[in-house]
Amino acid sequence: MANVETKSTNISTGSGGASSTSKATLGLTGLTINAMALIAPGAFLWLTYQEQSLYGAPMAGCAMWFGLLAALLLCFATAVSYAELSKLYPGAGSSYLYAEQAFASKTKMFRFARVVKFFTGWASHLYYWVYPGLMVGVTALIASYLASIFWPNTFSGVYNSPLFMILFCIVFSLGVGYIAFRGVNGTTAVNMAINIIQISALVVFSVMAISYRTSHKEGAQAIHLSNGAAINYNVDSVPVTDDKGKPVQDTWADSSLKTDDKGQPVFKTQDRAVTADDLDKAKNTDAAILGTLTALGLGVGDPYPAFQKDDAGKWKLDKDGHAIADPFTISYKDAFTGKGDAKDPLTFNNHASAASVVSPHGFSFMIIQACIAILLLVGFESVTAMGEEAKNPKKDIGRAVLLSLAIQGAVCYLFEYFAANYFLNSGYTITNAGASGAPLGDMMMIVGTWAFGSASAGKAFMLVQAGTVFLALIGTTLSCLNTGARVTYAMGRDEEVPSHFGLVHGRTLSPHRAIWTLTIISIFIGIATVWLYLGGTTPAALDKHNLWYSFGIFGDPAKYAKLPNTLVLITLISNFGTFLLYMTTCLVAIVAFREHHMFNGIKHFLIPIFGLIANLACMLFYLIGPFMVPGMSVKEPYFALGVVALWGAYGAFYFIKGSKARGKEMLLTRKPVSA
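Residues numbered from 1 in each chain as written. Predicted model: local features only at pLDDT ≥ 70, side-chain atom pairs only at ≥ 80, totals over all residues. Heavy atoms only, no water.

Quick notes on the overall build of the protein
A count of helical and extended segments in the protein gives 19 helices and six strands. The C-alpha atoms of the protein give a radius of gyration of 27 Å, which matches the 26 Å a tight globule of 675 residues would have. In terms of principal-axis extent, the alpha carbons of the protein reach across some 95 × 55 × 45 Å. Out of the 675 residues belonging to the protein, those deemed buried represent 53%. For the protein, the proportion of contacts with a sequence separation of at least 24, taken over those separated by at least 6, is 77%. (Helix = DSSP H or I, 4+ residues; strand = E, 2+ residues; numbered from the N terminus. Rg over C-alpha atoms; globule rule 2.2 N^0.38 Å. Buried < 20%, exposed > 50% of the residue type's maximum accessible area, 1.4 Å probe, protein only. Contact = heavy atoms within 4.5 Å.)

Rendered as structure tokens:
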């Protein structure tokens, strides 16, 4: 029968002794392109900028660029370890088998070969099983953001619809899982096309963002967003009211009620929108204002302009008798605001200069940003599993690992992050970015409106960019799903996890049990990612009341501030799995080259030691960081570390119990015979 499950040896897993039918067709360019497919330099700028802006607020966002640089150095140290291991074991592929071969080859340390191999595979699962679900979740966030652009009357620009995101997570995950099941992997040519498209798109945006900043000096009329609309005038404000129609008093950062210098209550306000009554001649008897709204082409829901008044409090009129909208003028002066106390903490808003963008601003801020930014850079190691497809694996795989990281991280991301951070201004602050479902989309609408002369053109520019990102996300999610399933498949073949994971489909030759298991897990992790993506913030009142918002939204927006941010939480769980995997790989590299004639003190000891310590330090920082950095919540890191601890404890229990049940030695008594 064509669909009978088999214990195949045709899938490259790194399992020792497995034969392969793969053809060696990839040179350095092909390997590098395939490594770059998972890193996706355009997509992740969309995905992580929001949580990097939000986590550690109100100050940590100022170190975003330097945190990325720190994460890049950490990854380079780990990449060197991967590159060097690929020279020793060019056909093995993946940390899972590197660990076994490195320890098994040693005179004394061979005893720990199976323990380290299992630990590496188990840590890999914390990364490779959570990461695809995180990708599903963030893609749902982008899709929901786009839904509010296409259907603004149905979907809110402040709240992403819980129902929409849940349905999207299910459909998107199942769709990508089906592609993986069919064995339709992205070819090198497709990966190259995707990389060229998204890199080109983000470079164009980056150049435009820098040009926008340099073209808009202090005090110049500029563009900002109000309810998702790109406009060049200030917007009138109205009080925020509760469900009884009473104005809501604003609060300080410590949740105490806000009052002015005279002790009078300060109420929350929000941008005013044009209503049907404003455009009704019978109800709006102010001819100057009515004529102005009509002349500006404003419709229901559009931002309502704040109009200029003279000293007597009367409207200033132009030659046509229309009221004059108060122009929005840009500023970079208030880069940092606040008194620095509990009520009014020091807050970062934007960078006053280019030098500020590339400054560290503080060690703790840099570490916070690095621990989020690691998500941008992971994936360079995936090419180590392509040893059998490489023409010259000993030479090219290691170079591809380093080259992909250099191109995507050191060139693309550093440039793109500089541009996005340099763009920040009084019209779009880091706080706005933290409250948005897609900060890069917002920025693109602003610069697109400026560059192309109209809000509709700015929106079109953003949608084209979003299309390239969505395309890249499909490829990235597919790639990490396949990689995660491959690790599970390899452990299933070794019977380190249930053996049914080591089966492949007789027709598609894909590890379908592992793929569909990971697909289902990704649905739930994706939903968990988006469920409280506004946690830790206090959004405006819900402006839409329909089926799409019939559940999953708190009536009191202040409740979000007391809850963990699930987007950050799931990111940290995935990143902590990455840290564990990369730490282990650095250790494996040290062991592998111990007593070896190729040993080099810098490449095989100092650099891996730096990588090991840096990865460990990033994890440990989250134990003390919440008590050192204002605004850094204890909820997300401690919950994430708790998940890591539980995963490790369960892994130890499973390993001990499974070893006894299968009659396997945990510590080997005889050195394995080389294949």
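As for empty space enclosed by the protein
In total, this model carries two cavities of 30 Å³ or more according to the counting rule given. The space that makes up the largest cavity amounts to roughly 100 Å³. What lines the largest cavity is Y159, N160, P162, M165, V530, W531, L532, Y533, L534, G552, I553 and Y560. Broken down by class, the residue content of the lining of the largest cavity amounts to ten nonpolar, two polar and no charged. Taken as a whole, the second largest cavity encloses approximately 70 Å³ of empty space. Around the second largest cavity, the lining residues are W46, L47, Q50, V138, L141, I142, S436, G437, Y533 and L567. If you list the elements that add at least two residues to the lining of the second largest cavity, you get α2 (41–54) and α6 (130–150). Tallied by class, residues from the lining of the second largest cavity come to seven nonpolar, three polar and no charged. (1 Å grid on protein atoms, 1.4 Å probe; cavity = no way out; pocket = protein on both sides within 12 Å on 5 of 7 lines; lining within 4 Å. Points joined across faces, edges and corners; volume = space filled by probe spheres on them. Nonpolar A, V, L, I, M, F, W, Y, C, P; charged D, E, K, R; others polar.)

Describing the nonpolar core
Residues W46, Y49, F205, L377, M462, F576 and Y622 are the most contacted members of the largest nonpolar core, which totals 174 residues. With 15 residues, the single largest contributor to this core is helix α17 (residues 566–592). Ignoring any residue separated from it by four or fewer positions in sequence, one finds F576 in contact with M619, Y622, P637, A640, L641 and V644. With ten residues, the next largest nonpolar core counts I231, I289, L298 and F307 among its residues. (Core = buried A, V, L, I, M, F, W, Y, C linked by side-chain atoms within 4.5 Å.)

Observations regarding the environment of L296
Position of L296 among the secondary structure elements: in the loop between α9 (287–295) and β5 (336–337). The class of L296 is partly exposed, set by a relative accessible area of 43%.

Observations regarding helix α16 (residues 512–531)
Over its 20 residues, α16 runs 29 Å from end to end, which matches the ideal 28 Å to within 8%, given 1.5 Å per residue. Along α16, the residues that are buried comprise H512, A514, I515, L518, T519, S522, I523, I525, G526, I527, T529 and V530. Buried residues along α16 sit against α5 (113–128), α6, α7 (162–181), α15 (455–493) and α17. (Expected span 1.5 Å × (residues − 1).)

Re the side chain of D278
Among the secondary structure elements, D278 is positioned in the loop between β4 (269–271) and α9. At a separation of 3.4 Å, a polar atom in the side chain of D278 contacts the side chain of R272. Engagement of the side chain of D278 in a polar contact is seen with the backbone nitrogen of T275, the distance being 2.9 Å. Residues within four places of D278 in sequence aside, it is in contact with R272, A273, N284, L290, L293 and Y304. (Polar contact = N/O pair within 3.5 Å; in protein donor to acceptor, adjacent residues only side chain to side chain.)

Points about the confidence of the model for the protein
Within the protein, residue pLDDT values average 84, and 91% of them lie at 70 or more. Per-residue pLDDT stays below 50 along residues 9–22; that stretch engages in 34 contacts with residues further than four places along the chain or on separate chains. (pLDDT = per-residue confidence, 0-100.)

Digging into a nonpolar patch on the surface
Among the surface-exposed residues, L616, L620, L623, I624, F627, M628, V634 and Y638 lie close enough to one another that they form a single nonpolar patch of about 740 Å² accessible area. Among the elements that line the nonpolar patch, the one with the most residues is helix α18 (residues 601–624), at four residues. Structurally, the position occupied by V634 is in the loop between α18 and α19 (635–662). Among the residues examined, V634 registers a relative accessible area of 37% and is labelled partly exposed. (Patch = residues over 30% accessible without salt bridge, like charges linked within 9 Å, V, L, I, M, F, W, Y side chains within 5 Å. Areas by Shrake-Rupley, 256 points an atom, 1.4 Å probe, with all protein chains shown as cover. Salt bridge = Lys/Arg side-chain N within 4 Å of Asp/Glu carboxyl O.)

Some words on the packing of α15 against α16
Interaxial distance between α15 and α16 falls to 9 Å at its minimum, and their mutual angle equals 125°. Relative to α16, the element α15 lies oblique. Note that α15 runs across α16; the crossing there is right-handed. Contacts between α15 and α16 involve L481, N482, G484, A485, T488 and Y489 from the first element and A514, I515, L518, T519 and S522 from the second. Split by residue class, the contact of α15 with α16 holds six nonpolar, five polar and no charged. (Axes fitted to C-alpha atoms, helices over the stretch in contact; angles between N-to-C directions. Parallel < 35°, antiparallel > 145°, perpendicular 65-115°, else oblique. Left-handed = near helix turned anticlockwise from the far one by under 90°.)

Regarding the packing of aromatic side chains
According to the stated counting rule, one finds 39 aromatic pairs in the structure shown. The interplanar angle of 75° and the centroid separation of 5.8 Å between the aromatic rings of F307 and W315 together place this pair among those described as edge-to-face. On the basis of relative accessibility, which here comes to 32%, the residue W315 falls in the partly exposed class. Centroid distance F621 to Y622: 5.9 Å. Interplanar angle 90°. Geometry classified as edge-to-face. (Phe/Tyr/Trp six-rings, centres within 6.5 Å; stacked < 30°, edge-to-face > 60°.)

What about the state of the cysteines?
Summed over all chains, the structure comprises zero disulfides. With no disulfide partner, C618 has as its closest neighbouring cysteine sulfur the one in C371, 4.0 Å distant. C618 gets classed as buried once you look at its relative accessible area, which sits at 6%. (Disulfide = S-S within 2.5 Å.)

Here we look at the packing of α5 against α6
How two helices sit against one another is set out by the angle between their axes and by the gap between those axes. Where α5 contacts α6, the axes come no closer than 4 Å and their chain directions differ by 5°. Here α5 is positioned roughly parallel relative to α6, judged by the angle of their axes. Where α5 abuts α6, its residues H125, L126, Y127 and Y128 lie against V130, Y131 and P132. Taken together, the residues of the contact of α5 with α6 break down into six nonpolar, one polar and no charged.

Examining the pattern of salt bridges
In the structure shown here, the tally under the stated rule is nine salt bridges. Notably, a salt bridge pairs K87 with E84, separated by 3.0 Å at the nearest N-O pair. Of the two residues, K87 and E84 are both situated in helix α3 (residues 64–88); the distance of three residues between them amounts to about one turn of the helix. Since its relative accessible area comes to 29%, K87 is described here as partly exposed. Residue E84 is classed as buried on the basis of its relative accessible area, which comes to 6%. K283 is the salt-bridge partner of D277, the closest N and O atoms lying 3.2 Å from each other. One salt-bridge network, in which partners are shared between bridges, spans E84, K87 and K603.

Description of unusual backbone geometry
For residues that are not glycine, phi is negative in most cases, and the peptide bond is trans in most cases. Residue N227 is not a glycine yet carries a positive backbone phi of 55°. One non-glycine residue, H361, adopts positive backbone phi at about 65°. Relative to the elements of secondary structure, H361 occurs in the loop between α10 (354–357) and α11 (363–377).

Quick word on the environment of G379
Relative to the elements of secondary structure, G379 occurs in the loop between α11 and α12 (393–423). The exposure class assigned to G379 is buried, which follows from its relative accessible area of 0%. As for G379 and N34, which are separated by 345 residues in sequence, their C-alpha atoms are 9.9 Å apart.

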